[in-house]
Structure formats: structure tokens, C-alpha cells
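Survey of secondary and tertiary structure
Spelled out, the chains give:
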Amino acid sequence: MEWIEWLLSSEFRKFLLDHDLFFPLLFLGRLIGITAIELLRPARAVSYRKVILYDLTVFVVFQFVIFPSAEYIDRYIAIRPQLPDTILAMPFPVRVLCYFVIADFGHYWIHRLMHTTHVWRIHKWHHAPTYMYWLAGTRTTVPQQVLVNLPYIFAWSFLAGGPWWMGLMIGVFNSFQNDWMHVNVTWRSNWLEWFIVTPRYHHIHHSDNPAHYKANLAALFTIWDRLFGTYVNPDDVKEPLSFGIGEKVPLVRLALGV
Ligand SMILES: [Zn+2]
Ligand SMILES: [Zn+2]
């Protein structure tokens, strides 16, 4: 069992981080693990063979072009408040909770803004797939990512002085959160939807039924939809759902958000 000890050791952790292998290995784990779960309990039939190459390409473009570009632009426009000492003196778990609540509240309103007439074009690509599974949610344009990052950068101030692995954990969490929202599984835990977004909850947001265009906009906490009038109870929605934007737009325009 020496190799298990080695996998759990600080040398292995250092090796992964020094060689930038942490996120590629995490992606491999997501690819195998989440696909296996989807194959076991699929909510709808998805032809992986038809879509996986395209979606993997989108993922690579997101990872190496879209996200770094958005991060670069955000350096110039994001607000990073200097919080008063009284807030920074709060116990760290409370500050972590503040981070998630504030970032997610901002994400809700940015998402809501992207569903308005003039800003919709930068978000259209995310809604373009006519199928739904964990990798389908990777589509995002640079302007969309620039805007979505803003509340997270703002809320990051609450985590000042946190442990070194905090950034890593938030990165992992954000990846899994996006996978989770789009994952193609028969998840029916209604009680969980009182607090957090589940796959079937977010799938309604991707529905091509006009009644659902502005439904279930939340990314993590469902309370925002309930408070601000965009909540649609998944139990009231008749399956089968179908997805997409119902129009043909050239890929370049979709990916650029123009
Ligand atoms: Zn949307
Ligand atoms: Zn989505």
C-alpha cells in the first residue's frame, strides 16, 4: 500500500502543483467519473460519440483562450474592496459562507442581465446545445466570462488571509458546480432544491420552451429565484424537455458573442 501513501503525501501534492498536473488530472477524473454516472442513470439519451469531440474542443478553447482572456480583462475592471478589519476578524468559515452568498447573488444578477434583449448575444452560446450533459455547460464567451467573474473577484476579499489551498479548492468547486448543474442524471432530490440548484432545476433553464427563457437563473442557491420571481418548480414541468436556442447562428458569432 506504499503507493496509496505516496498519493496522499505532500511530495505528490507538490509534484502535481509544480508540474501543473492538478487540473488536467482532475479533468480526467471528471471525464471518467461523471460520464460513468451518466451512463448508469441517464435522464435522457445523449449520443456521446456525436458530441464529445466538439465539446472537448470547446473545453480546451475555454481553458486556454476564453478563461485566461477574461481573467486578463478583469484585472482592469474588477472591483476588489478593502474590507474593514471587523469583517476580516470574523471566523473563517463565516467569511467562506459570505464569499459564496455574495458571489452567487452577483452571479444571479449577471445571469439575469444576460437574458435581456441586448446582452443575450454574449450568453447565447451557453444555451446553444440541443442536448444536455456535464460537458455541454462549458460554452461561454469572453464577455460572458468577464462579467461572471466580477462578483467572484469582488467576494474574494472575504477570503483574505485564508490558507494557501483556498484558491485551489474554489477552482475545484467551480468546476464541479458547473458539471453538476448540467449533468445528465435522474436526480430527484426535491428537498435539496430548497437550498441548492440541482441538474433537473438547471435543465429547465436550458429548455427551449419560451415559458422557461428566464426560469431558474440561479447558479448555486435557489433562494434568488424564489425571492426575485424567476423560480419554476421542476415538479410542475412536464417532460420531455428539449434544449437549444431554436435558431441557426454561425459558430464564430456564437463563440464571440456578437
Ligand atoms: Zn442562461
Ligand atoms: Zn447552463
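Here, every reference points to the structure presented above.
What you see is a predicted model; the values in this text were computed from it and never measured.

The rules we used
- Residues numbered from 1 in each chain as written.
- Chains lettered and ligands numbered in written order.
- Predicted model: local features only at pLDDT ≥ 70, side-chain atom pairs only at ≥ 80, totals over all residues.
- Heavy atoms only, no water.
- Salt bridge = Lys/Arg side-chain N within 4 Å of Asp/Glu carboxyl O.
- Buried < 20%, exposed > 50% of the residue type's maximum accessible area, 1.4 Å probe, protein only.
- Helix = DSSP H or I, 4+ residues; strand = E, 2+ residues; numbered from the N terminus.
- 1 Å grid on protein atoms, 1.4 Å probe; cavity = no way out; pocket = protein on both sides within 12 Å on 5 of 7 lines; lining within 4 Å.
- Points joined across faces, edges and corners; volume = space filled by probe spheres on them.
- Nonpolar A, V, L, I, M, F, W, Y, C, P; charged D, E, K, R; others polar.
- Expected span 1.5 Å × (residues − 1).
- Contact = heavy atoms within 4.5 Å.
- Axes fitted to C-alpha atoms, helices over the stretch in contact; angles between N-to-C directions.
- Parallel < 35°, antiparallel > 145°, perpendicular 65-115°, else oblique.
- Left-handed = near helix turned anticlockwise from the far one by under 90°.
- Donors = N, O, S within 2.8 Å, 3.2 Å for Na, K, Ca; no water.
- Tetrahedral: all angles 85-135°; square planar, octahedral: opposite > 155°, others 65-115°.
- Phe/Tyr/Trp six-rings, centres within 6.5 Å; stacked < 30°, edge-to-face > 60°.
- Lys NZ or Arg CZ within 6 Å of the ring centre and 35° of its normal.

Attention now moves to the pattern of salt bridges. Applying the stated rule across the entire model yields six salt bridges. Among the salt bridges present, the one from Glu 193 reaches Arg 200, with a minimum N-O distance of 2.8 Å. Of the residues examined, Arg 200 reaches a relative accessible area of 11% and is grouped as buried. In this structure, the salt-bridge partner of Asp 235 is Arg 200, at a minimum N-O distance of 2.9 Å. In this pair, Asp 235 sits in the loop between α11 (223–227) and α12 (251–256) while Arg 200 sits in helix α10 (residues 199–206), placing the two residues 35 residues apart along the sequence. Where salt bridges share partners, they join Glu 193, Arg 200 and Asp 235 into one cluster.

Approximately 310 Å³ is the volume found for the second largest pocket. Lining the second largest pocket are 16 residues, with Ala 128, Glu 247, Lys 248, Val 249 and Leu 254 sitting closest to its centre. For the lining of the second largest pocket, the per-class residue count stands at ten nonpolar, three polar and three charged.

Over its 19 residues, helix α3 (residues 22–40) runs 27 Å from end to end, which matches the ideal 27 Å to within 8%, given 1.5 Å per residue. For α3, the secondary structure elements touched by its buried residues are α4 (48–77) and α9 (166–182).

A few words on the packing of helix α6 (residues 92–114) against helix α8 (residues 142–156). For any two helices packed against each other, one specifies the inter-axial angle together with the distance between the axes. The geometry of α6 relative to α8 is characterised by a closest axis approach of 8 Å and an angle of 155° between their N-to-C directions. Here α8 runs roughly antiparallel to α6, going by the angle between their axes. Crossing geometry of α6 relative to α8 is assigned as right-handed. Two secondary-structure elements touch here, α6 through Tyr 99, Ile 102, Ala 103, Asp 104, Gly 106, His 107, Ile 110, Leu 113 and Met 114 and α8 through Gln 144, Leu 147, Val 148, Pro 151, Tyr 152, Phe 154, Ala 155 and Trp 156. Of the residues in the contact of α6 with α8, the class split is 13 nonpolar, three polar and one charged.

With that settled, the discussion passes to the coordination of the zinc ion (ligand 1). Around the zinc ion (ligand 1), the protein contributes the donor atoms His 111 (NE2), His 115 (NE2), His 123 (NE2), His 127 (NE2) and His 205 (NE2), at 2.1 to 2.2 Å from the metal centre. Taking relative accessible area as the criterion, His 123 reaches 2% and is therefore assigned buried.

It is worth spelling out the coordination of the zinc ion (ligand 2) at this point. Tetrahedral coordination by four donors places them ideally at 109.5 degrees to one another around the metal; octahedral coordination by six donors ideally gives 90 or 180 degrees. Here the zinc ion (ligand 2) is held by the protein donor atoms His 126 (NE2), His 182 (NE2), His 202 (NE2) and His 206 (NE2), which lie 2.1 Å from it. For the zinc ion (ligand 2), the four donor atoms in the first shell make angles of 95 to 150° at the metal, so the coordination geometry reads as irregular. On the accessibility criterion, His 202 (1% relative accessible area) is buried. Taking the relative accessible area as the measure of exposure, His 206 reaches 0% and is therefore buried.

The next point concerns empty space enclosed by the protein. This model, assessed by the stated rule, comprises one cavity of 30 Å³ or more. Its boundaries defined by the atoms lining it, the largest cavity holds a volume of some 40 Å³. Lining the largest cavity are Phe 100, Asp 104, Tyr 152, Phe 173, Asn 174, Gln 177 and Leu 220. For the lining of the largest cavity, the element with the most residues is α9, which contributes three residues. Taken together, the residues of the lining of the largest cavity sort by class into four nonpolar, two polar and one charged.

Attention now moves to the packing of aromatic side chains. Using the criterion set out here, one finds 17 aromatic pairs in the structure. Centre to centre, the rings of Tyr 72 and Tyr 76 are 5.5 Å apart; their planes meet at 65°, and the pair counts as edge-to-face. A residue pair is termed a helical-turn pair when its members lie 3 or 4 positions apart in one helix, as Tyr 72 and Tyr 76 do in helix α4 at four residues. The exposure class of Tyr 72 is partly exposed, given its relative accessible area of 44%. In textbook terms, an aromatic cluster arises when at least three aromatic residues are bridged by ring pairs, as seen for Tyr 99, Phe 100, Tyr 152, Trp 156 and Phe 173. Taking NZ or CZ as reference, Arg 226 lies 4.3 Å from the ring centre of Trp 194, over its face.

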